[in-house]
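Tertiary structure, described
The primary structure of each chain is shown beneath.
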Amino acid sequence: MQPYESHIERLIREATERGEFDNLRGAGKPLDLGSPDDPDWWIKQKLRAEGLDGAGAVPAVLSLRKEAAGFPESLREIRTEAGVRTVLEDDNDRCRRDRLMPRDPKTPPLVAPILDVDAMVARWRQL
């Protein structure tokens with residue numbers, strides 16, 4: 001009597017018999033299991049392998065909060081006050097739009113800060 005073979009097992013067996021798993025990249029090499037201290041090692045490795053930026057993988061509110069935390073230091077390269085104001089007002093607009101987005105009631109209520117543009121411009125001038 002033949003042992004039961006599922007549809008998937010049959011497909012794998014047939015592909016093996018055709019040699020479709022021969023000469024695969026990385027064959028015979030140990031698996032890179034990343035750092036045991038980082039539970040997200042596998043997704044970070046996948047993002048690197050695919051050449052993707054992980055910034056899109058986090059909720060918009062977290063990206064906005066991170067961006068705001070970098071002000072005014074991240075504005076150093078901007079040479080005009082008008083340019084700085086444009087960046088800060090754009091950030092505030094994106095924060096306001098984010099606050100209007102529906103939220104999952106199971107997640108903690110996070111909001112991105114609305115910046116005081118005049119105070120931030122004053123700090124930028126000091127830099």
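This write-up is about the structure you can find in this document. (Residues numbered from 1 in each chain as written. Predicted model: local features only at pLDDT ≥ 70, side-chain atom pairs only at ≥ 80, totals over all residues. Heavy atoms only, no water.)

**Details of the packing of helix H4 (residues 81-99) against helix H5 (residues 117-126)**
The criterion, for reference: Note on geometry: axes are lines fitted to C-alpha atoms, helical ones only across the stretch in contact, with angles between N-to-C directions running from 0 to 180 degrees. Strands here are runs of E lasting at least two residues and helices are runs of H or I lasting at least four, both read from the DSSP assignment and numbered beginning at the N terminus. In what follows, roughly perpendicular refers to angles from 65 to 115 degrees, roughly parallel to angles under 35, roughly antiparallel to angles over 145, and oblique to any angle outside these ranges. Handedness of a crossing follows from how the near helix is turned relative to the far one, being left-handed for an anticlockwise turn of less than a right angle and right-handed for a clockwise one. Whether two residues touch is decided by their heavy atoms; if any such pair falls within 4.5 Å, the residues are in contact. Here the term charged refers only to Asp, Glu, Lys and Arg, the term nonpolar to Ala, Val, Leu, Ile, Met, Phe, Trp, Tyr, Cys and Pro, and the term polar to all other amino acids, Gly among them.
The interhelical angle for the contact between H4 and H5, taken along N-to-C directions, is 135°, at an axis separation of 10 Å. If you check the angle between H4 and H5, you find them oblique. Seen along the crossing, H4 lies across H5 with a hand that is right-handed. Mapping the contact onto sequence places Glu 81, Val 84, Arg 85, Leu 88, Glu 89 and Asn 92 in H4 and Val 117, Asp 118, Met 120, Val 121, Trp 124 and Arg 125 in H5. Of the residues belonging to the contact of H4 with H5, the class tally is 6 nonpolar, 1 polar and 5 charged.

**A look at the nonpolar core**
For clarity, the threshold we go by: Here, nonpolar core means buried Ala, Val, Leu, Ile, Met, Phe, Trp, Tyr and Cys residues that are tied together by side-chain atoms lying within 4.5 Å of each other. In this scheme, a residue with accessible area under 20% of its type's maximum is buried, one over 50% is exposed, and one in between is partly exposed, where area comes from a 1.4 Å probe on protein chains only.
In terms of nonpolar packing, the biggest core is built from 10 residues, these being Ala 68, Phe 71, Leu 75, Val 84, Leu 88, Leu 115, Val 117, Met 120, Val 121 and Trp 124. Elements represented by at least two residues in this core include exactly H4 and H5. Looking at which element gives the most residues to this core, the answer is H5, with 4 residues. Once you skip the residues sitting within four places of it in the chain, Phe 71 turns out to touch Val 87, Leu 88, Asp 91, Leu 115, Met 120 and Arg 123.

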